[in-house]
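Observations on the three-dimensional arrangement
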Amino acid sequence: MDGPPGGSTPITPVIKAGWLDKNPPQGSYIYQKRWVRLDTDHLRYFDSNKDAYSKRFISVACISHVAAIGDQKFEVITNNRTFAFRAESDVERKEWMQALQQAMAEQRARARLSSAYLLGVPGSEQPDRAGSLELRGFKNKLYVAVVGDKVQLYKNLEEYHLGIGITFIDMSVGNVKEVDRRSFDLTTPYRIFSFSADSELEKEQWLEAMQGAIAEALSTSEVAERIWAAAPNRFCADCGAPQPDWASINLCVVICKRCAGEHRGLGAGVSKVRSLKMDRKVWTETLIELFLQLGNGAGNRFWAANVPPSEALQPSSSPSTRRCHLEAKYREGKYRRYHPLFGNQEELDKALCAAVTTTDLAETQALLGCGAGINCFSGDPEAPTPLALAEQAGQTLQMEFLRNNRTTEVPRLDSMKPLEKHYSVVLPTVSHSGFLYKTASAGKLLQDRRAREEFSRRWCVLGDGVLSYFENERAVTPNGEIRASEIVCLAVPPPDTHGFEHTFEVYTEGERLYLFGLESAEQAHEWVKCIAKAFVPPLAEDLLARDFERLGRLPYKAGLSLQRAQEGWFSLSGSELRAVFPDGPCEEPLQLRKLQELSIQGDSENQVLVLVERRRTLYIQGERRLDFMGWLGAIQKAAASMGDTLSEQQLGDSDIPVIVYRCVDYITQCGLTSEGIYRKCGQTSKTQRLLESLRQDARSVHLKEGEQHVDDVSSALKRFLRDLPDGLFTRAQRLTWLEASEIEDEEEKVSRYRELLVRLPPVNRATVKALISHLYCVQCFSDTNQMNVHNLAIVFGPTLFQTDGQDYKAGRVVEDLINHYVVVFSVDEEELRKQREEITAIVKMRVAGTASGTQHAGDFICTVYLEEKKAETEQHIKIPASMTAEELTLEILDRRNVGIREKDYWTCFEVNEREEAERPLHFAEKVLPILHGLGTDSHLVVKKHQAMEAMLLYLASRVGDTKHGMMKFREDRSLLGLGLPSGGFHDRYFILNSSCLRLYKEVRSHRPEKEWPVKSLKVYLGVKKKLRPPTCWGFTVVHETEKHEKQQWYLCCDTQMELREWFATFLFVQHDGLVWPSEPSRVSRAVPEVRLGSVSLIPLRGSENEMRRSVAAFTADPLSLLRNV
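Owing to the predicted nature of the structure, the values given are computational and were not obtained by experimental measurement.

Tracing the backbone shows Ser275 in strand 20 (residues 273–275). Exposure remark for Ser275: the relative accessible area of 2% places this residue in the buried category. Within the structure, Ser275 has its side chain in polar contact with the backbone nitrogen of Lys277 (distance 3.1 Å). Setting aside residues up to four positions removed in sequence, Ser275 forms contacts with Asp245, Trp246 and Trp283.

Quick look at the structure:
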């Protein structure tokens, strides 16, 4: 056995393995049979060749020499320990001794190259964490070291230094989870290791270190190896540790893991830290090339030009020493090489504008590091900034460097300037103490309820800018502490979210979340108030004047300063987001339920939350993922509808609920001439689904004809208005409105309506006006839609006043409001003119659409390519909702006059360029839903299906409708939030039948490991090359869950024919045996050429003459219905 399977990290190659007799440590004459395995780093022996974990291992670097000691025996000698083995023959002994001597020689050669003599063990890697832990099954504590992607177990510290251990655990197959206050489990497929630490704080630190090892194990070295191709990048730019696998992308230096932790502490304004192995999306070709051009060589010639030997870092330097050195090096610029123009701002800016148009990246780095303004004016209006100049000159590397440094602070020896950043603000002194209940810190948002048993009672003290928590009030040494300067967010979940009635969350710069709880609301409020005062600067103290759900600092862009992100302070209270920016007073609160847009831009690594209000747009950046995701969820929740009353809905500019606006706008666009509009009812199930989605988030619902029928939308609007708890006219005023309808004098009645309208709450008043305005437009087309004022009043009276329809007064109020619309709502001539022009344009467009015979609304114009993606092969085609893949294929071929010969299997393919895969659409598959789901890296192409004939022959000759056999399988799933594909390709047995696809570990297995419903699978031909598929005959299987989450798998066959057989079977079972049409249609469809600008043309219901009469009458005299007012 060559080691446990699984994981994407490369397995150390085995030099030699076999059975040997081993002399026990006590020196007994009785030898014990052991399975021994030698690789380049370790000699290990096991009880059995099936064991995953060794009894002991010896580091090859610690072996001093190997000697023969008698018949078939040999000794492995270390500094203070000798291991005796016996082979079955002299020949085998010689082979073992030669293999060991060769491994020792290679190890020493590698050690000399890397100069890595850490911890007294040549060639060993410095651990991320090491110390003593209790392990269930062992009497004494073990010494445990987390090194890279492995957890190593030793009997004690002495054996750790000697390089003689018990076993090590490959974390590519490991998972860690908390058990209780001090214990945690490390779980692998082969064994569960149950550890106990001395304290809760230690347990949290061990968990964090082991989770880091898992992330390391699941990472890839491809980017690192490319960047290490430049010799200076092979050692940490700060301490010189070998093979650094982290980087600062704005400073353009490669650093080790220990220095990376301190770089993060400097803040993103100084250093933006990314992993070479895990943050794969960040590492574009341009950024990699930038590191090869600049990197540690140029970086240290500038940043470390004047480092005294006494202040230089070493790989073994302590965290505090690193912190001080890096503060001096990068924040203060203490050791930098000063540019000759240093101190002359104007000349620095000019020099920067000149440098960015050349290939001299080192000059640009030196100028920016000495104070040149990255957004200085170049003097050229067409290219006003250095970035624009670099783009104009075609200097892509300069552009990349400038983009990465847009928010970088200029180093200053006197960096403590007020209001620049949180670290430069003198925070008020706040003190508070008492018992709090605390859970273990977490590295991700708390999705699940934390039970009361998961909280531990701690004595907490807030003082001198530090929140410390102790085992009890008598303890001297704290279990842990949180510095106020490191707090980035304070959140207060709703009561009873967790096991304690009242809780609050503290987020830190180190991406940790601390949850505290109390039973007393007063005490919890006092703690929140004190912690908020401790970390919020005086600049933002106005935010503390009211209670909040979330409070903290975030990078943002707003106003005219969109080039450079700044740090602002934000508080969320109800549906209001309040902000304080460094360059001004407290901003007017953003009313989140009134936003015009709430969206997320960028990729998962660099997300930006965009909030658009009437007069301003705010961009909030996701610099720290943990607290940003908390803010994102809270803001989205606050921006959604909060209840059933009108004022609790998402609101538009005029205080009209978005749900009302969406429905009214859709019916205005598509249903003014629909016969019986509002009188006819939609389908109950569709109406209910639509209403639920509108109530949940009306802002994100976009109604389209072809997807929703006008009667479903009108029914949803009526249901919403009827179900309002307080009603549109409110319970308190409802009877007054009904009584007003009985006033006989028309002028007095209208005046009374005006009085009552003013008494309504603002949202109700705006909604009444919007609704009556809409109904007025509807009745203008009563010749076509048969809904005059009286008919509309019959429908809406009981709906708006929530009566049973027996009270005629409700209908009379609605009828009066429509008839006297202009007077009651004070509609001036200009407002009425705009309304008339809008409706006229809509209806004229629809008339033109009907007259020209264009397709109905919802038609989607898209680009389809013929045979390959080229500009000369593209065709722009309108896709109606009913179009199938076969119809689209034939239309494209007709347009290009391509004849179809016998056995020409022309098909439309969905091509995904990012996944390097394509899917032939089934001939009966509707095209429009596919278009709506296409990403930016996907397109449609019509070409011949070369394999179709072979697939049809196979299907005709086979027996039964199932397929089974071995394939190589790889799963693509997100682990630890890294978005990394897990594992490599493994042999698995598959069975495909008419209902499902089943995966078995091997042929003899009785129970499937996985099972997927075959109808829900999408099968693409091809596997992306970066996954290194074992054969070129593979396909990608995509499954979308009920929650619309996509899961993806890759399968590879041994031959092309085998691939075709599997794919043909998928098509057969998914489409009930109909893989290709027996008689393909050859009906050419005429393509209308008439268009009205770029607007999709919408049909009118009713005859063309009726529609023309309605439009003509309304255009000629829009006030004809108001003559009786």
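Continuing now.
Scanning the entire structure with this criterion turns up 33 aromatic pairs. Ring centres 5.7 Å apart and planes at 15 degrees place the aromatic pair Trp737 and Tyr753 in the stacked group. With a gap of 16 residues between them, Trp737 in helix 18 (residues 731–740) and Tyr753 in helix 19 (residues 746–759) connect regions that are remote in the sequence. Exposure class is identical for Trp737 and Tyr753. Each is buried. Through pairs of rings, three or more aromatic residues link up here, namely Phe57, Tyr143, Tyr154, Tyr160 and Phe168. One residue, Arg919, lies across the ring of Tyr1020, its end atom 5.8 Å from the ring centre.

So, on to the packing of helix 22 (residues 789–801) against helix 23 (residues 808–819). Helix 23 packs onto helix 22 with a crossing angle of 125 degrees between their chain directions and a minimal axis gap of 7 Å. Here helix 22 is positioned oblique relative to helix 23, judged by the angle of their axes. Note on packing geometry: the crossing formed by helix 22 with helix 23 is right-handed. Packed against helix 22, whose contacting residues are Val789, His790, Leu792, Ala793, Phe796, Gly797, Pro798, Leu800 and Phe801, the element helix 23 presents Ala810, Gly811, Val813, Val814, Glu815, Ile818 and Asn819 at the interface. Here the contact of helix 22 with helix 23 is built from residues that sort into eleven nonpolar, four polar and one charged.

We now examine the sheet that holds strand 2 (residues 32–39). Spatially, eight strands are ordered 5-6-7-1-2-3-4-13 in an open sheet, and the strand pairing comes out antiparallel. Whereas interior strands pair on both sides, the edge strands pair on one side only; in this sheet they are strand 5 (65–70) and strand 13 (164–165). Bridge count between strand 6 (residues 73–77) and strand 7 (residues 82–86): five bridges; the pairing is antiparallel. Paired with Val76 across the strands is Phe83, a residue of strand 7.

This part is about the environment of Arg56. Mapped onto the secondary structure, Arg56 falls in strand 4 (residues 56–59). Spatially, the C-alpha atoms of Arg56 and Leu43 are 8.5 Å apart, while their sequence positions differ by 13 residues. Those residues in contact with Arg56, other than ones at most four positions away along the chain, are Leu43, Arg44, Tyr45, Arg81, Lys155, Glu159, Ile164, Gly165 and Ile166.

A separate point is the nonpolar core. Ranked by size, the top nonpolar core spans 67 residues in total, and within it Tyr678 and Trp737 carry the most contacts. Among the elements that make up this core, the one with the highest residue count is helix 20 (residues 762–779) (nine residues). Ignoring any residue separated from it by four or fewer positions in sequence, one finds Tyr678 in contact with Ile667, Ser714, Leu717, Lys718, His774, Leu775, Val778, Leu792, Val795 and Phe796. The next biggest cluster of nonpolar side chains, apart from the first, holds 38 residues, and it includes Ile374, Ala390, Phe401 and Leu402.

This part takes up the sheet that holds strand 14 (residues 167–170). Whether parallel or antiparallel, the strands of a sheet pair through hydrogen bonds between backbone atoms. Spatially, the seven strands line up as an open sheet ordered 14-12-11-10-17-16-15, and their pairing is antiparallel. The open sheet terminates on both sides in strands that have one partner only, identified here as strand 14 and strand 15 (175–178). Across the sheet, the mean angle separating the axes of adjacent strands is 35 degrees when strand polarity is ignored. Examined bridge by bridge, strand 16 (residues 183–187) and strand 17 (residues 192–196) share five bridges and lie antiparallel to one another. Within strand 17, the position partnered with Ser183 by the bridge is Ser196. Each of strand 10 (129–135), strand 11 (142–147), strand 12 (150–154), strand 15, strand 16 and strand 17 touches helix 3 (residues 200–217); the most contacted strand, strand 15, lies at about 160 degrees to it.

Time to look at the state of the cysteines. The tally for this structure, following the rule as stated, stands at zero disulfides. The thiol of Cys239 is not disulfide-bonded; the next cysteine sulfur, from Cys256, is found 3.6 Å away. On the basis of relative accessibility, which here comes to 5%, the residue Cys239 falls in the buried class.

Looking now at the side chain of Ser571. Along the chain, the position of Ser571 falls in strand 29 (residues 561–573). For Ser571, the residues in contact, after removing those within four places along its chain, are Leu543, Phe548, Arg550, Leu551, Glu576, Leu577, Arg578 and Trp631.

Relative to each other, helix 5 (residues 257–266) and helix 8 (residues 319–331) sit at 55 degrees, their axes nearing to 9 Å. Between helix 5 and helix 8, the angle is such that the two are oblique. Viewed along their axes, helix 5 and helix 8 form a crossing whose handedness is right-handed. Between helix 5 and helix 8, the contacting residues are Arg258, Cys259, Glu262, His263, Gly265 and Leu266 on the first element and Pro319, Arg322, Arg323, Leu326, Glu327, Tyr330 and Arg331 on the second. Class assignment of the residues belonging to the contact of helix 5 with helix 8 gives a composition of five nonpolar, two polar and six charged.

Bringing unusual backbone geometry into the picture now. One non-glycine residue with positive phi stands out, namely Thr730, at about 65 degrees. Within the fold, Thr730 resides in the loop between helix 17 (710–722) and helix 18. One non-glycine residue, Glu916, lies in positive phi territory at about 55 degrees. Residue position: Glu916 is located in the loop between strand 37 (906–912) and strand 38 (917–920).

The next point concerns the environment of Lys141. Considering the arrangement of structural elements, one finds Lys141 in the loop between strand 10 and strand 11. Using a relative accessible area of 34% as the deciding quantity, one classes Lys141 as partly exposed. As for Lys141 and Asn156, which are separated by 15 residues in sequence, their C-alpha atoms are 7.7 Å apart. Setting aside residues no more than four positions away along its own chain, Lys141 makes contact with Ser132, Leu133, Glu134, Lys155 and Asp198.

Our focus in this paragraph is helix 14 (residues 625–639). Under the 1.5 Å per step criterion, the end-to-end length of helix 14 is 21 Å for 15 residues, consistent within 8% with the ideal 21 Å. Among the residues of helix 14, those classed as buried are Leu626, Asp627, Phe628, Gly630, Trp631, Leu632, Ile635, Ala638 and Ala639.

Note on placement: Ala698 falls in the loop between helix 16 (684–697) and helix 17. Classification of Ala698 as buried rests on a relative accessible area of 2%. Remark: the alpha-carbon pair of Ala698 and Cys663, spanning 35 residues in sequence, is separated by 9.9 Å. In contact with Ala698, not counting residues within four places along its chain, are Gln650, Val658, Ile659, Arg662 and Ser693.

Calculation notes
- Residues numbered from 1 in each chain as written.
- Predicted model: local features only at pLDDT ≥ 70, side-chain atom pairs only at ≥ 80, totals over all residues.
- Heavy atoms only, no water.
- Helix = DSSP H or I, 4+ residues; strand = E, 2+ residues; numbered from the N terminus.
- Buried < 20%, exposed > 50% of the residue type's maximum accessible area, 1.4 Å probe, protein only.
- Polar contact = N/O pair within 3.5 Å; in protein donor to acceptor, adjacent residues only side chain to side chain.
- Contact = heavy atoms within 4.5 Å.
- Phe/Tyr/Trp six-rings, centres within 6.5 Å; stacked < 30°, edge-to-face > 60°.
- Lys NZ or Arg CZ within 6 Å of the ring centre and 35° of its normal.
- Axes fitted to C-alpha atoms, helices over the stretch in contact; angles between N-to-C directions.
- Parallel < 35°, antiparallel > 145°, perpendicular 65-115°, else oblique.
- Left-handed = near helix turned anticlockwise from the far one by under 90°.
- Nonpolar A, V, L, I, M, F, W, Y, C, P; charged D, E, K, R; others polar.
- Pairing = 2+ DSSP bridges.
- Core = buried A, V, L, I, M, F, W, Y, C linked by side-chain atoms within 4.5 Å.
- Disulfide = S-S within 2.5 Å.
- Expected span 1.5 Å × (residues − 1).

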